[in-house]
Amino acid sequence: MSRVQLKELRKSFGAVDVIKGVDLTIEPGEFCVFVGPSGCGKSTLLRMISGLEEQTSGVIEINGRDVSNVEPSERGIAMVFQNYALYPHLSVRENIGFGLSLARKPKTEIAQKVGKVAEILQLSDYLDRKPKELSGGQRQRVAIGRAIVRDPEVFLFDEPLSNLDAALRSQMRIELTDLHARLGATMIYVTHDQVEAMTMADKIVVLNGGRVEQVGSPMELYERPASPFVAEFIGSPKMNLYEGAVAQQLGANHAYGIRPEHLSVSETKGKWPVTVRHVERLGADTIVHLENDELGTIVARVEGSRAFRIGDKAFATPDPAREVRF
Amino acid sequence: MTRRQTITGLISMVVAFVLFVVPFLFVLINASKTAQDASQLDFSWPERWVFWENLVTTVQTRDYALLLAYWNSIVITVGAITLLVIFGAMVGYIVQRRPNRVTRIVYIITLSGLMIPPAVVPTIWLLQEINLFKTLHGMIFIQVAYGLGFTVLLYRNFIGTIPRELDEAAIIDGAKPWQVFFRVVLPLLKPVTVTIIVVQSITIFNDFTHPLYYLPGRDNITVQLTLYNFQSQFVSQMNLLFMNIMLITIPPLLVFIFFNRQIVAGMTSGAVKG
Amino acid sequence: MSAQARKSPYPYWFVLPAGLIFVIFFLVPTVTSFYFSLTYWDPFEARFAGWDNYVQFFSEPYLIQGTVNTLIFAFLTSGLKTALGLLLAVLLTSGMLGQSLLRSIIFFPVLVSTIGVGILFKEMMHPTDGFLNIVLDSIGLSKVGFLTNPSLALFSVALVDVWRGVGLATLIYIAGLATIGQEYYEAARIDGATRWQQFWRVTVPLVRPATTTVIILSLIGGLRLFDLIWAMTGGGPGFSSDVLASVIYKQYQAGFWGLSTAGNVILFLMIAFIVAPLAYWLNRRAIDA
């Protein structure tokens, strides 16, 4: 359980600034998620914390110790890679125990530690198999096991669920959250999927173009986004955002936003007259794409039992308490 | 299979038989004849089948020169290949994992070894200066130097298919650079290592030119040189000469039968990638 | 605090063992060969001699012959291997009966000792008793001095070299053909192309990387060839089948080491000035195509 602190961290590749000055504190035991679009620098940030990537300037502290120039294996971190990076020629047992065998630990100690970890992750029956004989979820667990056995101060996860199919992904999300609760360890988790971020995080760090846009709990980001970028990024379907003259008419300086789920649609009356352009019936919800002369496209989410036809006329009304203005 | 395919196949097999199999049958038949028979150099059936006697006689010639030659050839081949695999893989690894101007130059220089003909007389001069002329050690180093181009080419391409994440996982686990290479990467290079071993053994075993220059003399003679020298020895015993040819052809034949796939992969992989 | 340069996990010293061997046993001789080619060097003395060796090379008939022969031999064998290799590859990927057996049969000579092949064919080409001549005789043709007739010797060896090496060319082409998607042929057929047209319009252009490889490899091999010539003719009769490689050896044996090394340099330059631009040009065309 350790605190991680980043102070004015920067990274450039030649003339290109990838990380433009990041200050961040991650509290002990926190599950912190770095989220953002491709190329925002979240993986680079994680790799700098791990030591695999060297920062151009700035300080990284783990548990109060300055590790900015320390080798990865000595920072007290462990990493779970996107493609698991399991050693193909070694068994599950040897994979998990690899670091210990490198450190020349006695065989009994290795066996004991590996056994314990295998138990936690329900891998005890697979210890002698090779990675290619395991399913995606099992490989994932071996990768996690390899991390746990290092007894690290901080766990780092680099988009670990991206390669799994949807069903497996939701199951693994639950397993990882349980694991966090059980171990109580500090975990930093990188993903581009805002659903993972919202469901797993204690704290979310939204990154954009190498800078931190906002830091906060999932609901904070949802209810009080600090910028249009964050507002659009969090929540699905995306928030409706309007800029320019239209926004100013609605009382905002730069942009006005309202989430699809905070709009009500009525056939008879409402604030904005619209025509139905597109309907998606998902069963539990219906998503309608509406067109208004001034605003353009408005996406609204309504109850699943409601049906619309393309070309229908209707009215959309925003919930005033949920309007967001920048 | 269409009729056309069957007919083409049959015709091709007959033609291929005449062109490619007949010469080797020629060797086999003449290797089984007596000296008198063989001097006719034709395809007549042996009067007496003396295959085994010929084999024994050939091996015994000049105090078992052939056995000594086999030994030397094997020592050179094994020695050179061991060094080639380890050192060549190390170079391929750095060139692939650390692409920058320095490693690119290293790579191009290594590849140049595939094109540039060795300067033989200066090499002899050099070998004499460092007392390695006419020695097996010298020959091993020479074969390594000449074989590096091909070896590094193959390793570099193959290592490109091993994800860097494996290196990184090992680094986080505390592995030092040489441990990352020897404990994680090298074991995963088995397919290409087998290919290199197979292809290079045949090349080195069949090499006549370089031992001719760098290993004159009886003590360290190689198999190919023995065959060449036996031409004068066996001028009136063509059957023994053909037996010698047969004996030299056997090892590559065996390798080909067992490692057909690797040979094909090795010879085309460096090539077609472009 | 600024970050220090941390050591890379891919240290340069990994290159050292191979590098040392390569530099000592290959680069040093190659580099010094340029110097030695400018000397008169025999078992008794070594003195600077300027361009003498090169002048000799281009004035003595037997040396000129060797140089010319090298070019003839290389381009002839390369051309034949390239053309035949492609045709055979097409034949051996057509799905005909016994095609994988045939692939092995024509490839096997590539693996056999060159000396073995050389001696075998030398005997088969014996001017009076050789098997080939016995066959010619039996069908009423006169016997041919394949290796004893000065005008034929070089070409006889070239034929044997093609026999030996076409299998490798075929193999490379087969690999190249495998990369051509069926859809190109299907589109051509729909457009009404005959098999012949398909060959020229689809196969030949799309197999270009393999063609480049075959041409380059066979050209380099042809220019450098020594053992087959040495086994079959020793450069003879006279010096009618000498190539640079055999000239280099003969001069070495005769003790004219400076001259021999000059031959080496000429061979090197030949390869550098023929093959390198050719490789560049062939690859350029592939990118444009």
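Quick notes on the rules
- Residues numbered from 1 in each chain as written.
- Chains lettered and ligands numbered in written order.
- Predicted model: local features only at pLDDT ≥ 70, side-chain atom pairs only at ≥ 80, totals over all residues.
- Helix = DSSP H or I, 4+ residues; strand = E, 2+ residues; numbered from the N terminus.
- Contact = placed C-beta atoms within 7 Å.
- Buried ≥ 20, exposed ≤ 12 C-beta atoms within 10 Å, placed from the backbone.
- Domains from an automatic or database assignment.
- Pairing = 2+ DSSP bridges.
- Nonpolar A, V, L, I, M, F, W, Y, C, P; charged D, E, K, R; others polar.
- Core = buried A, V, L, I, M, F, W, Y, C linked by C-beta atoms within 7 Å.
- Axes fitted to C-alpha atoms, helices over the stretch in contact; angles between N-to-C directions.
- pLDDT = per-residue confidence, 0-100.
- Parallel < 35°, antiparallel > 145°, perpendicular 65-115°, else oblique.
- Left-handed = near helix turned anticlockwise from the far one by under 90°.

### Comments concerning the overall build of chain B
When its secondary structure is counted, chain B shows 13 helices and 0 strands. N-terminal to C-terminal, the α/β element order of chain B is α-α-α-α-α-α-α-α-α-α-α-α-α. Seen through its principal axes, chain B has C-alpha atoms that stretch 75 × 65 × 30 Å. The long-range share in chain B, meaning contacts at least 24 apart out of those at least 6 apart in sequence, stands at 74%.

### Considering the overall build of chain A
Each helix and strand in chain A was counted, giving 10 helices and 18 strands. Considering only C-alpha atoms, chain A reaches an extent of 75 × 45 × 30 Å along its principal axes. Per-residue burial over chain A gives 41% buried out of 326 residues. A fraction of 62% describes how many contacts in chain A between residues 6 or more apart in sequence connect residues 24 or more apart.

### Considering the domain arrangement of chain A
Reports of interface size often rely on the accessible area that becomes lost once the parts have come together. For chain A, the domain assignment lists domain 1 (4–229) and domain 2 (240–325). On a C-alpha basis, the centres of domain 1 of chain A and domain 2 of chain A stand 39 Å from each other.

### Here we look at the pairing of strand E12 (residues 255–258) of chain A
Residue and element names in this part refer to chain A. Judged by which residues are buried, E12 turns out to be covered on both faces: Ala-255 and Gly-257 on one side and Tyr-256 and Ile-258 on the other are all buried. By the bridge criterion, 2 bridges tie E12 to strand E18 (residues 324–325) in an arrangement that is antiparallel. Bridging across to E18, Gly-257 finds its partner in Val-324.

### A look at the interface of chain C and chain B
In this assembly, 70 residues from chain C lie in contact with 71 residues from chain B. With 12 residues, helix H1 (residues 16–36) of chain C is the largest single contributor of residues to the side of chain C that touches chain B. Of the residues that constitute the side of chain C that touches chain B, the class distribution is 47 nonpolar, 19 polar and 4 charged.

### Notes on the nonpolar core
Val33(A), Leu156(A), Ile188(A), Met90(B) and Ala145(B) are the most contacted members of the largest nonpolar core, which totals 245 residues. Setting aside its immediate chain neighbours within four residues, Val33(A) contacts Tyr189(A), Thr191(A), Ala197(A), Met200(A), Ala201(A), Ile204(A) and Val205(A).

### Some words on the pairing of strand E17 (residues 313–318) of chain A
Residue and element names in this part refer to chain A. Sheet topology note: the strand E13 (residues 263–266)/E17 ladder contains 4 bridges and is antiparallel. By the bridge assignment for E17, Ser-266 is matched with Phe-315. Strand direction decides the pairing type here: strand E14 (residues 272–281) and E17, joined by 4 bridges, are antiparallel. By the bridge assignment, Val-274 is partnered in E17 with Ala-314.

### Observations concerning unusual backbone geometry
All names here are of chain A. Cis geometry marks the peptide bond from Ser-236 to Pro-237, where omega comes out at 0°. Structurally, Pro-237 is set in the loop between helix H9 (228–233) and strand E11 (240–243). Of note, Glu-8 is a non-glycine position whose phi angle comes to about 45°, a positive value. If you trace the backbone, Glu-8 turns up in strand E1 (residues 4–13). By C-beta crowding, Glu-8 is classed as exposed, having 12 other C-beta atoms within 10 Å. We note that Arg-104 has phi near 60°; this positive angle belongs to a residue other than glycine. Here Arg-104 shows up in the loop between helix H3 (98–102) and helix H4 (107–120).

### Observations concerning the sheet that holds strand E15 (residues 285–292) of chain A
Residues and elements named next belong to chain A. Strand order in the open sheet made by the 5 strands is E13-E17-E14-E15-E16, with antiparallel pairing throughout. The sheet terminates laterally at E13 and strand E16 (296–303), the two strands that pair on one side only. The mean inter-strand angle of the sheet, taken between neighbouring strand axes irrespective of direction, is 45°.

### Some remarks on the confidence of the model for chain B
All names here are of chain B. When pLDDT is averaged across chain B, the result is 88; 98% of the residues are at 70 or more. Taken element by element, chain B is modelled with least confidence in helix H13 (residues 260–272), mean pLDDT 71, and with most confidence in helix H8 (residues 177–185), mean pLDDT 95. The ipTM for the predicted assembly is 0.87, set against a pTM of 0.85.

### Looking at the environment of Leu148(B)
By the secondary structure assignment, Leu148(B) is in helix H6 (residues 136–159). Note: C-alpha distance between Leu148(B) and Gln40(B) (108 residues apart in sequence) is 45 Å. Setting aside anything within four residues of it in sequence, one finds Leu148(B) in contact with Leu84(B), Gly88(B), Thr110(B), Gly113(B), Ala18(C) and Phe22(C).

### Points about the confidence of the model for chain A
Averaged over chain A, the pLDDT score is 92; the fraction of residues at 70 or greater is 100%. Model confidence for chain A, summarised as mean pLDDT per element, is weakest for helix H10 (residues 245–249) of chain A at 88 and strongest for strand E3 (residues 31–35) of chain A at 96.

### Some points on the sheet that holds E12(A)
Residue and element names in this part refer to chain A. An order of E11-E12-E18 is seen for the 3 strands of this open sheet, with the pairing classed as antiparallel. Both outer strands of the open sheet, E11 and E18, are each paired with one neighbouring strand and no more. Relative to E12, E11 is paired through 4 bridges, and the arrangement is antiparallel. Bridging across to E12, Tyr-242 finds its partner in Tyr-256.

### What about the environment of Ile120(A)?
Within the secondary structure, Ile120(A) sits in helix H4. Placed 62 residues apart in sequence, Ile120(A) and Arg182(A) show a C-alpha to C-alpha distance of 9.8 Å.

### A short note on the packing of helix H1 (residues 3–31) of chain B against helix H4 (residues 99–111) of chain C
Across the interface, H1(B) lies against H4(C) with an axial gap of 10 Å and an inter-helix angle of 20°. In this view, H1(B) runs roughly parallel relative to H4(C), as classed from their interaxial angle. In this structure, H1(B) meets H4(C) at a crossing whose hand is left-handed. On H4(C), the residues that touch Gly9(B), Ser12(B), Met13(B), Ala16(B), Phe20(B) and Val21(B) of H1(B) are Gln99(C), Leu102(C), Ile105(C), Ile106(C) and Pro109(C). A breakdown of the residues in the contact of H1(B) with H4(C) according to their chemical character gives 8 nonpolar, 3 polar and no charged.

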